[in-house]
Amino acid sequence: MYVFSRAIYRELANEILEEPRSERQVSHRRVLRACEAAVERLATDRRYFARPARTLFNEIRAYFAMSAQQRVLRVIERYLALADEFLRRLPQNGFDAYGNPLRCRASTRKGTPCQRMPLAHNGYCPSHQHLAETEDLRVPLAA
Ligand SMILES: [Zn+2]
């Protein structure tokens, strides 16, 4: 997945504003870390990550000149869309993009995470499907 965050960073690196006396390239590292965090969240928490491009843009826009803002947003949108598409095409073989096994999003009655394999369309295992139904009911109310 780091292919995508590195690509965003590389495209923008020349335009990152750095404090004149900063020797350790603080801004560069913050931008790179924000890109990595956004892509990682896209890979592991897509369902709850509503506007990835906007979120990342808001996090790093302060490191760029006003004249670069449009381009920064476009680069972010382009690569996050590619990452999103890549993730959608991954076979649903029980592992996320980092090779971690997928788990049901629910907790058991004892309060421990459910260990069962989730269904692809809602992230719950067959015994916890009812939780997805109540979740769907909340969406129109919030919108
Ligand atoms: Zn479950």
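Rules and cut-offs
Just so you know, the residues in each chain are numbered from 1, in the order the chain's sequence is written. Per-residue local features are limited, in this predicted model, to residues with pLDDT of at least 70; the limit for side-chain atom pairs, both in listing and counting, is 80 or more; totals at the level of whole chains, interfaces and linings are taken over all residues. In computing side-chain values, all of the structure's heavy atoms are included and hydrogens and water are not. Put simply, buried Ala, Val, Leu, Ile, Met, Phe, Trp, Tyr and Cys residues joined by side-chain atoms within 4.5 Å make one nonpolar core. When a residue's accessible area, from a 1.4 Å probe over protein chains only, is under 20% of the maximum for its type it is buried; when over 50% it is exposed; and in between it is partly exposed. Note on conventions: DSSP H or I runs of at least 4 residues are helices, E runs of at least 2 residues are strands, and numbering of each starts at the N terminus. Pairs of residues are marked as contacts when any of their non-hydrogen atoms sit within 4.5 Å. In this analysis a donor is any N, O or S atom within 2.8 Å of a metal ion (3.2 Å for sodium, potassium and calcium), and since water is not included, sites may seem incomplete. Irregular is the label for any site that misses the other tests, which are tetrahedral for four donors with all angles between 85 and 135 degrees, and square planar for four donors or octahedral for six when opposite donors exceed 155 degrees and the remaining angles lie between 65 and 115.

### A look at the nonpolar core
Phase 1: Within the largest apolar cluster, 32 residues are counted, with the highest numbers of intra-cluster contacts made by Ile-8, Leu-56, Ile-60, Phe-64 and Ile-76.
Phase 2: Listed by contribution, the elements that provide at least two residues to this core are helix 1 (2–12), helix 2 (26–44), helix 3 (52–60) and helix 4 (69–89).
Phase 3: Sequence-distant contacts of Leu-56, defined by excluding residues within four places in its chain, comprise Ile-8, Ala-34, Cys-35, Ala-38, Ile-76 and Leu-80.
Phase 4: Core analysis: the second largest hydrophobic core is formed by six residues, Cys-104, Cys-114, Tyr-124 and Ala-132 among them.

### So, the coordination of the zinc ion
Phase 1: Only Cys-104 (SG), Cys-114 (SG), Cys-125 (SG) and His-128 (ND1) from the protein reach the zinc ion as donors, at distances of 2.0 to 2.4 Å.
Phase 2: Coordination at the zinc ion comes from four donor atoms whose angles at the metal span 105 to 115°, giving a geometry best classed as tetrahedral.
Phase 3: Read from N- to C-terminus, the donor residues coordinating the zinc ion fall into the pattern C-x9-C-x10-C-x2-H. Of this pair, Cys-104 sits in the loop between helix 4 and helix 5 (129–142) while Cys-114 sits in the loop between helix 4 and helix 5, and the two are ten residues apart along the sequence. For the pair Cys-104 and Cys-114, a shared accessibility class is recorded, and that class is buried.

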